[in-house]
Amino acid sequence: MHSQPAVLFKRKTLDVAVTGCLTFGLLILSILSFRNHSGPWATAGILLGVITILLAVRLFIALKKPYLDLTDNRVTVYNGLLPKANHYSLEHIQGAHTNRPETYIELLGREDEKTVRIDLHPLDKADRIRFIFLVESSINRKFSHRHR
């Protein structure tokens, strides 16, 4: 079986832009609140600074790492506030199911394996459809090579 190169699916451009604008806006608010040296404003500035740092890290990770990484053998999902990698092997996946392609896909394992549900909201609509097609093709290719 020939191996396909990894296919990377980035987050929606709008989501990344909103996170970037929010980070920049909170940075400005944090700086402005530090300029006013009274007690409550300094506390608000520190809190806004911490939130700004978390959003900046999230923005950096969103720009650096894809949301989904698909290879012949596995799907890697980077999600969460500070995205960590969740790896799901396609080796034991028997099928893929989706009632609503615009929201999620379920990767169905054997009876003893758990079902994995992957949220597709962070992707553009065209990437959602492309991801579903590639996952189903990969699963079908696996079964067609087994039955030869």
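Presented here is a report on the structure given in the accompanying data block. Remember, it's a predicted structure, so these values are computed and weren't measured experimentally.

Rules of the game
Residues numbered from 1 in each chain as written. Predicted model: local features only at pLDDT ≥ 70, side-chain atom pairs only at ≥ 80, totals over all residues. Heavy atoms only, no water. Helix = DSSP H or I, 4+ residues; strand = E, 2+ residues; numbered from the N terminus. Contact = heavy atoms within 4.5 Å. Areas by Shrake-Rupley, 256 points an atom, 1.4 Å probe, with all protein chains shown as cover. Expected span 1.5 Å × (residues − 1). Buried < 20%, exposed > 50% of the residue type's maximum accessible area, 1.4 Å probe, protein only. Core = buried A, V, L, I, M, F, W, Y, C linked by side-chain atoms within 4.5 Å. Phe/Tyr/Trp six-rings, centres within 6.5 Å; stacked < 30°, edge-to-face > 60°. Lys NZ or Arg CZ within 6 Å of the ring centre and 35° of its normal. Polar contact = N/O pair within 3.5 Å; in protein donor to acceptor, adjacent residues only side chain to side chain. Pairing = 2+ DSSP bridges. Axes fitted to C-alpha atoms, helices over the stretch in contact; angles between N-to-C directions. Patch = residues over 30% accessible without salt bridge, like charges linked within 9 Å, V, L, I, M, F, W, Y side chains within 5 Å. Salt bridge = Lys/Arg side-chain N within 4 Å of Asp/Glu carboxyl O.

So, on to the overall build of the chain. Tallying secondary structure elements over the chain gives three helices and seven strands in all. Secondary structure of the chain in N-to-C order comes out as β-α-α-β-β-β-β-β-β-α. Of the contacts formed within the chain by residues at least 6 apart in sequence, a portion of 52% connects residues at least 24 apart. In the structure as shown, the chain presents an accessible area of about 9300 Å², 62% of it carried by carbon and sulfur atoms.

This part is about helix H2 (residues 39-64). In this model H2 runs 38 Å from its N-terminal to its C-terminal C-alpha over 26 residues, within 8% of the 38 Å that 1.5 Å per residue would give. Among all positions of H2, only Gly45, Leu48, Gly49, Thr52, Leu55, Arg58, Leu59, Ile61 and Ala62 are buried. Taken together, the buried residues of H2 touch helix H1 (13-35).

Looking now at the nonpolar core. Leu68, Val75, Leu107, Ile118 and Phe131 are the most contacted members of the largest nonpolar core, which has 20 residues in total. Setting aside anything within four residues of it in sequence, one finds Leu107 in contact with Val75, Leu90, Ile93, Gly95, Ala96, Lys114, Thr115, Val116, Ile118 and Val135.

Take the packing of aromatic side chains next. Under the definition given, this model contains one aromatic pair. The cationic tip of Arg117 hangs over the ring face of Tyr104; the distance from NZ or CZ to the ring centre is 3.6 Å.

Moving on, we get to the side chain of Ser33. As for its position among the elements, Ser33 is in helix H1. A polar atom in the side chain of Ser33 sits 2.9 Å from the backbone oxygen of Ser30. Non-local contacts of Ser33, meaning those with residues more than four positions away in its chain, are made with Trp41, Ala42, Ala44, Gly45 and Leu48.

Attention now moves to the sheet that holds strand S1 (residues 7-9). Two orientations exist for strands paired in a sheet by backbone hydrogen bonds: parallel and antiparallel. Spatial strand order, S1-S2-S3-S4: four strands in an open sheet with antiparallel pairing. In this open sheet, the two strands that pair with only one neighbour each are S1 and strand S4 (84-89). Recorded for the sheet is a direction-independent mean angle of 15° between the axes of neighbouring strands.

All right, on to H1 then. In a regular helix each residue adds 1.5 Å, so 23 residues correspond to 33 Å; H1 covers 33 Å between its end C-alpha atoms and thus fits that length. Every buried residue of H1 is listed here: Val16, Thr19, Thr23, Leu26, Ser30 and Ser33.

So, on to a nonpolar patch on the surface. Together, Phe34, Ile46, Val50, Ile53, Leu54, Val57 and Leu82 make up a nonpolar patch on the protein surface, roughly 600 Å² of accessible area in all. Mapped onto the elements, Val50 comes out in helix H2. Val50 sits in the partly exposed class, given a relative accessible area of 45%.

Looking now at the side chain of Ser138. For Ser138, the location among the structural elements is in helix H3 (residues 125-146). Take Ser138: its relative accessible area is 5%, and that puts it in the buried class. Apart from residues lying up to four places away in sequence, Ser138 is in contact with Thr71, Asp72 and Leu90.

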